[in-house]
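These are the residues of each chain, in order.
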Amino acid sequence: MSRPDRAPAPPTRERSRRHSWVRVLIPVALILVWLAGASFGGPLFGKVDEVSSNDQTTYLPESADATQVQKLLGEFNDSDSIPAIAVFTSEDELTQSELDAISDAVADAPAVEGIGDDVSPALPSDDGLAVQAFIPIESDAELADATAALGEELRAAVPDGITVSITGPAGFSADLVAGFAGIDGLLLGVALLAVLVILVLVYRSLLLPVVVLATSLFALCVALLVVWWLAKFEVLLLSGQTQGILFILVIGAATDYALLLVARFREELRTAQDKGTALMAAWKGSFEPIVASGGTVIAGLLCLLLSDLKSNSTLGPVAAIGIVFAMLAALTLLPALLLLCGRAVFWPRRPKFEPEVVEAEHGMRTTGLWARLANLIRRRPRVIWIVTTLVLLVGAAGVTQLDAVGVPQSDLVLGASEARDGQAALGEHFPGGSGSPAYVLVAEDRLQDAADILLASDGIDGVSVTASGSPSGTATVTEDGLAAVGPPGTPAPEPTIVDGDVLLQATLTDAADSDGAAATVRELRGELDDLDALVGGVTATSIDTNDASIHDRNLILPVILVVIMFILMLLLRSILAPVLLILTTVLSFGTALGVSALVFDGVFRFPGADPAVPLFGFVFLVALGIDYNIFLMTRVREESRAHGTREGVLRGLSITGGVITSAGLVLAATFAALSVIPILFLVQIAFIVAFGVLLDTFVVRSLLVPALTYDIGKAIWWPSKLWRHGER
């Protein structure tokens, strides 16, 4: 009998060896696949500007007046260059020799690389303290470099005591380019460093943070590879703003998903001797919440496709691609790394194989912060959720102070701004809208009618028309018609006509990005409507952008709520629980927005906010904030099947409390990293989302949701089987 018993031993050892090889080959193969993708995506970090654009008009709807006018500007001007305004100012009245030096410097400007030939003459102000000149920047030039070189050349050519500033559309665009310059290096470095510090402090491990960060970074590299080529082939539009959000979103989400799997793996190692068995159990337990969480975020982001504004609609698929690779990395690359490392990944605090201790604890922690919090909820659930709700409502009242109707272009970049200083100088010595006129496209036979309306407006300082026969390319329009250019008796030039239309340029008395200019353009659009005229330009672009943002916000917010609620219903097999989870998340968002409004106004003294700020804040906070409720409630549902709903709530809270809090800290830190980019919109999004995530992590998910669920009991699962047959 002994021989037959021992006979199968060699095949068993052989199968064991083959099994060991499989355990090594599969994870190594997965790691190599991700390494190959990252090797192609990594070098693209410094090349995103090759396929991105920060021009607002490219993101407007095709039907917008400003978009249609912008498309035709090149046909009238025979150029698609970007206008810059050089402003020369002095504290004392400029002498003739100084004026001559300025004129010579302006005339020599085309010698600077990237500067076009069609430079205007130097135009002195009436008070004799300033001069302005319009200098085109070639469209294929590096805008920031060309603008900086132009400023340096002009400063070197004019006498001491004269201040030179480069402003206008080119100046402000250069400011934006400089503001986004730190995305590839500074932003990514700060975000990764913040995550690394948090992981080391929370897990007190050296290898685990490296494994988790490698997962996040590989996910970002491959996501960037896909997005870059889609932008290259013009399938997607990419901007500096979208790029920054993509980086932060992928790093934060991939780290969150990784932490969920790591926590489950650590938990399973206490009851399973074999690391492969523990990893498979952890993967199965984490798969549903990771996919559900990622799917929720993707669904919320894709709702942005309903947006009229392309800067919003293109963010949806770009960010969704990032979340897809964050999930894939957490479910494939991370398990491969964990399988190779085993318990050593947690060194020096390796989890012990102690099934008897786990059995004695009944799978629930009986000591520590989360166990104490669970006991507090057991004793006072109703008091906790009522008081928490009231506190959140008080914070949400601050929403009334949020000024999200748009900000001037000059305030988009925080900190020092040469373009902003130049615009201020223009406003002191010239009409505020100099260099950024309102363009009016009107039929040739209605030219004078449109000009009369413009000239009658208090917000317009002068009107001209594009005219190819004029040395300056334009001819002044008066109440008596086109004025002659040149000596007395010179006939007036004929206006340039494109498809039966002419292009009027109206100089605004107020700065192009001011409320006064916006009011003037809105008024003119109403008065010119009977002439079928289109009004474009910098001010019109800003108006159309803000109007589209407000439309998007009012449409997309309720759609996102409905989509996410439907996903939660499928996941939790319940109606009541998803409704309550959505309500708590909306309340959390309202509080985050209300507190942020008070901080923006009272502490930072921001000039206002873009209409897209509440929309983006809502998308990220609701889609990402619901993640933590998914992590919690999927575990509560799992525990409720075996122990009843109320006991399941306490067990789910005590088991997931640590990992969800760690994930919340990581996500808040990554979004806070956006504030290193000196762009007002990104700084505001950084604060709203970081504060909102912390609020959701420490208050909503730790107190409000568990206490409310415990108080309701098994009815929370209505109308599922768990409600009908489960314990209270």
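Quick caveat, the model's predicted, so the values are computed rather than measured.

Thresholds applied
- Residues numbered from 1 in each chain as written.
- Predicted model: local features only at pLDDT ≥ 70, side-chain atom pairs only at ≥ 80, totals over all residues.
- Heavy atoms only, no water.
- Core = buried A, V, L, I, M, F, W, Y, C linked by side-chain atoms within 4.5 Å.
- Buried < 20%, exposed > 50% of the residue type's maximum accessible area, 1.4 Å probe, protein only.
- Contact = heavy atoms within 4.5 Å.
- Pairing = 2+ DSSP bridges.
- Helix = DSSP H or I, 4+ residues; strand = E, 2+ residues; numbered from the N terminus.
- Polar contact = N/O pair within 3.5 Å; in protein donor to acceptor, adjacent residues only side chain to side chain.
- Phe/Tyr/Trp six-rings, centres within 6.5 Å; stacked < 30°, edge-to-face > 60°.
- Lys NZ or Arg CZ within 6 Å of the ring centre and 35° of its normal.

Engineer: I tried to follow the nonpolar core on my own but got confused; where do I start?
Structural biologist: Side chains of a nonpolar character, in soluble globular proteins, are inclined to be buried together. By size, the foremost hydrophobic cluster in this structure holds 165 residues, and its most contacted members are Tyr257, Leu301, Phe616, Phe620 and Phe671. The residues touching Leu301, leaving out its near neighbours within four places in the chain, are Leu249, Gly316, Ala319, Ala320, Ile323, Val619 and Phe620. The next biggest cluster of nonpolar side chains, apart from the first, holds 31 residues, and it includes Val440, Ala467, Ala475 and Leu524.

Engineer: Would you take a moment to explain the sheet that holds strand S8 (residues 481–482) for this structure?
Structural biologist: Hydrogen bonding along the main chain pairs the strands of a sheet, whether they run parallel or antiparallel. Strand order in the open sheet made by the six strands is S8-S7-S6-S9-S5-S10, with antiparallel pairing throughout. Strands at the two margins of the open sheet, each flanked by one partner only, are S8 and strand S10 (534–537). For strand S6 (residues 460–466) and strand S7 (residues 474–478), the ladder comprises three bridges, and the chain directions are antiparallel. Among the inter-strand pairings, Val465 is bridged to a residue of S7, identified as Ala475.

Engineer: Help me out: how do you make sense of the pairing of S6 in this one?
Structural biologist: Each regular strand shows side chains that alternate between the opposite faces of the sheet. Of all the seven residues making up S6, five are buried; the element is thus mostly covered by neighbouring parts of the structure. Sheet topology places S6 next to strand S9 (residues 501–508); five bridges connect them, and they run antiparallel. Bridge assignment links Gly462 to a residue of S9, and that residue is Thr507.

Engineer: I would appreciate a short explanation of the pairing of strand S5 (residues 438–443) in the present structure.
Structural biologist: Of all six residues that make up S5, five are buried, and the element is covered over most of its length. For S5 and S9, the ladder comprises six bridges, and the chain directions are antiparallel. Bridging from a neighbouring strand, Tyr439 pairs with Gln505 of S9. Inspection of the sheet shows S5 paired to S10 by four bridges, in the antiparallel sense. Bridge pairing in S10 links Ala438 to Gly537.

Engineer: Looking at this model, I keep getting lost on the side chain of Ser417. Mind explaining?
Structural biologist: Mapped onto the elements, Ser417 comes out in the loop between helix H15 (381–396) and helix H16 (418–429). Overall, Ser417 belongs to the buried group, its relative accessible area being 4%. Within the local environment of Ser417, its side chain forms a polar contact with the backbone nitrogen of Arg420, the two atoms lying 3.0 Å apart.

Engineer: What should I look at first to understand the packing of aromatic side chains in this one?
Structural biologist: In this description, an aromatic ring pair is defined by two values, namely the gap between the centres and the angle between the planes. For the coordinates displayed, the defined rule picks out 15 aromatic pairs. Pairwise contacts between aromatic rings join Phe600, Phe604, Phe606, Phe687 and Phe691 into one cluster. Seen from the ring of Tyr710, Arg646 lies directly overhead, with NZ or CZ sitting 5.7 Å from the centre.

Structural measurements only, silent on function.
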